[in-house]
Amino acid sequence: MNITSYKDVIWAFEQGEKAQENGSFLIAARYYRVAMIAYSHCEFPARDTLPPTTLEKIDKVCDNSFELFHQMCHELTPAQRAMLASEESSRRHKIGPDKEYYEWLWEDLIRYDLAMINREEMLREHPDYPKYVL
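No experiment lies behind these values; they were computed from the predicted model shown.

A. Here's a closer look at the packing of helix 1 (residues 6–21) against helix 3 (residues 52–75). At a minimum axis separation of 10 Å, helix 1 and helix 3 run at an interaxial angle of 50°. Relative to helix 3, the element helix 1 lies oblique. The two elements helix 1 and helix 3 meet at a crossing, and its hand is left-handed. Contacts between helix 1 and helix 3 involve Tyr6, Val9, Ile10, Phe13, Glu14, Glu17 and Gln20 from the first element and Thr54, Lys57, Ile58, Lys60, Val61, Asn64, Ser65, Leu68 and Met72 from the second.

Given below as structure tokens:
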């Protein structure tokens, strides 16, 4: 899934809320991170063209995704927190050896998070799943 639409951003945030309600804090953290990152990179239509309920949802994502991501991180084990941090830092690459500029591969991190969410959900439904992953 390519998160480029405001509808996708809202969807990711709402999935994070559902995962949080179910006690799936790692999945919730990933969804909130997807929403947080995608929100700052996707294009939104003019606010006056959107219905009020959609505007409320967009504002909710804007106001809460960062805070909820960090709240979920506090619920995780130290190893899980370190894993999330390393995943994010590994998506920053120096542009050149002689420059101090970095390229932020945010789309790669979103794809990775969504793949890890799918994998985690598959593991929960089928405990023998890892045996068949090559």
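B. Summary view of the nonpolar core. Formed by 33 residues in total, the largest nonpolar core has its most connected members in Tyr32, Phe69, Leu84 and Ile110. Secondary structure elements with two or more residues in this core: helix 1, helix 2 (25–41), helix 3 and helix 5 (106–125). Examining the composition of this core, we find that eleven residues originate from one element, helix 2, more than from any other. Every residue in contact with Leu84, bar those within four places of it in the chain, is listed here: Leu26, Ala29, Arg30, Arg33, Phe69, Cys73 and Leu76.

C. Local environment of the environment of Ile58. Mapped onto the secondary structure, Ile58 falls in helix 3. Along the primary structure Ile58 and Val9 are separated by 49 residues, whereas in three dimensions their C-alpha atoms are 8.2 Å apart.

D. View of helix 2. Over its 17 residues, helix 2 extends 24 Å from the first C-alpha to the last, a length consistent with the 24 Å expected when each residue adds 1.5 Å. For helix 2, the buried fraction is high: 13 of the 17 residues fall into the buried class.

E. Quick look at the packing of helix 2 against helix 3. At a minimum axis separation of 8 Å, helix 2 and helix 3 run at an interaxial angle of 140°. Where helix 2 crosses over helix 3, the handedness of that crossing is left-handed. Between helix 2 and helix 3, the contacting residues are Phe25, Ala28, Ala29, Tyr32, Arg33, Ala35, Met36 and Tyr39 on the first element and Ile58, Val61, Cys62, Ser65, Phe66, Leu68, Phe69, Met72 and Glu75 on the second. Partitioned by chemical class, the residues of the contact of helix 2 with helix 3 number 14 nonpolar, one polar and two charged.

The rules behind these values
Residues numbered from 1 in each chain as written. Predicted model: local features only at pLDDT ≥ 70, side-chain atom pairs only at ≥ 80, totals over all residues. Heavy atoms only, no water. Axes fitted to C-alpha atoms, helices over the stretch in contact; angles between N-to-C directions. Helix = DSSP H or I, 4+ residues; strand = E, 2+ residues; numbered from the N terminus. Parallel < 35°, antiparallel > 145°, perpendicular 65-115°, else oblique. Left-handed = near helix turned anticlockwise from the far one by under 90°. Contact = heavy atoms within 4.5 Å. Core = buried A, V, L, I, M, F, W, Y, C linked by side-chain atoms within 4.5 Å. Buried < 20%, exposed > 50% of the residue type's maximum accessible area, 1.4 Å probe, protein only. Expected span 1.5 Å × (residues − 1). Nonpolar A, V, L, I, M, F, W, Y, C, P; charged D, E, K, R; others polar.

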